[in-house]
Amino acid sequence: MALDNIEKLVTKYFEASTSIAEEKELKAYFSSNNVAPHLEHYKPLFGYAVQAKQEQYKASIPLQSKKRPYGYWLSIAATILVLFSVSLFTFNQYNQPKTADLGTYNDPEVAFKETQKALAMISEHVNRGIGSMSYLNEYQQSKNKIFK
């Protein structure tokens, strides 16, 4: 009767429908010395958990890190290089020759005419964009007719 029960539990185990208590029963059975000969090949499968519980890590972990002989000086050199690069970039940015201000006019009438030209050009492009938006309105109306 017990052997028949163990065979049913092994079948349930491989169907992944055993409970934790049933799995403990299987582990206890396969860790004992009186395992049926036809179930002997399952012994390593269930005995592995017991064996894995008993394993312990015995190697020591070194707590001191290995120091590199050039690591300290290399970090100082990298820091100096970064500071030098930043200061050189800043120096070049502030000491570039100033260019003349573009787009400024001394005569207000000339400035007014140039502003009108720029606004006319912007208006032309905006009107062209609004014209293409009318196609979207037609599409919306067609869609509304089809999907009422």
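All values reported here derive from a predicted model rather than from experimental measurement.

Overall, the prediction assigns the protein chain a mean pLDDT of 83, with 92% of residues at 70 or greater. Summarising per-element confidence for the protein chain, the mean pLDDT is lowest in helix α3 (residues 43–54) (74) and highest in helix α4 (residues 71–94) (90).

The residue T18 is located in the loop between α1 (2–14) and α2 (20–31) in this model. A relative accessible area of 15% places T18 in the buried class. At 3.0 Å, the side chain of T18 and the side chain of E23 are in polar contact. The contact partners of T18, leaving out residues within four places of it in the chain, are L9, K12, Y13 and E23.

Turning our attention to the environment of F46. Its place among the elements puts F46 in helix α3. Ignoring any residue separated from it by four or fewer positions in sequence, one finds F46 in contact with Y13, L26, K27 and F30.

Time to look at the packing of aromatic side chains. The full count for this structure, using the stated rule, is four aromatic pairs. Ring centres of Y13 and F14 lie 5.6 Å apart, and the angle between their planes is 80 degrees; this geometry places the pair in the edge-to-face category. Residue classification places Y13 among the partly exposed positions, given a relative accessible area of 27%. Between F14 and Y42, the aromatic rings sit 5.4 Å apart at their centres with planes inclined by 45 degrees, giving tilted as the arrangement.

Close contact between α1 and α2 brings their axes to 10 Å; oriented N to C, the two are set at 120 degrees. Overall, the two elements α1 and α2 adopt an arrangement that is oblique. The hand of the α1/α2 crossing is left-handed. Counted together, L3, N5, I6, L9, V10, K12 and Y13 of α1 and E22, E23, E25, L26, Y29 and F30 of α2 form the full contact between these two elements. Per-class residue counts for the contact of α1 with α2 are eight nonpolar, one polar and four charged.

Counting 10 residues, the largest nonpolar core is built from I6, L9, V10, L26, Y29, F30, V35, A36, L39 and F46. Those elements that place two or more of their residues in this core are α1 and α2. Setting aside chain neighbours within four positions, we find L9 in contact with T18, E22, E25 and L26.

This next bit is on the environment of P108. By the element assignment, P108 lies in helix α5 (residues 108–146). When its relative accessible area of 61% is taken as the criterion, P108 is described as exposed. The spatial distance from the C-alpha of P108 to the C-alpha of L83 is 48 Å, given a sequence separation of 25 residues.

Definitions and cut-offs
- Residues numbered from 1 in each chain as written.
- Predicted model: local features only at pLDDT ≥ 70, side-chain atom pairs only at ≥ 80, totals over all residues.
- Heavy atoms only, no water.
- pLDDT = per-residue confidence, 0-100.
- Helix = DSSP H or I, 4+ residues; strand = E, 2+ residues; numbered from the N terminus.
- Buried < 20%, exposed > 50% of the residue type's maximum accessible area, 1.4 Å probe, protein only.
- Polar contact = N/O pair within 3.5 Å; in protein donor to acceptor, adjacent residues only side chain to side chain.
- Contact = heavy atoms within 4.5 Å.
- Phe/Tyr/Trp six-rings, centres within 6.5 Å; stacked < 30°, edge-to-face > 60°.
- Axes fitted to C-alpha atoms, helices over the stretch in contact; angles between N-to-C directions.
- Parallel < 35°, antiparallel > 145°, perpendicular 65-115°, else oblique.
- Left-handed = near helix turned anticlockwise from the far one by under 90°.
- Nonpolar A, V, L, I, M, F, W, Y, C, P; charged D, E, K, R; others polar.
- Core = buried A, V, L, I, M, F, W, Y, C linked by side-chain atoms within 4.5 Å.

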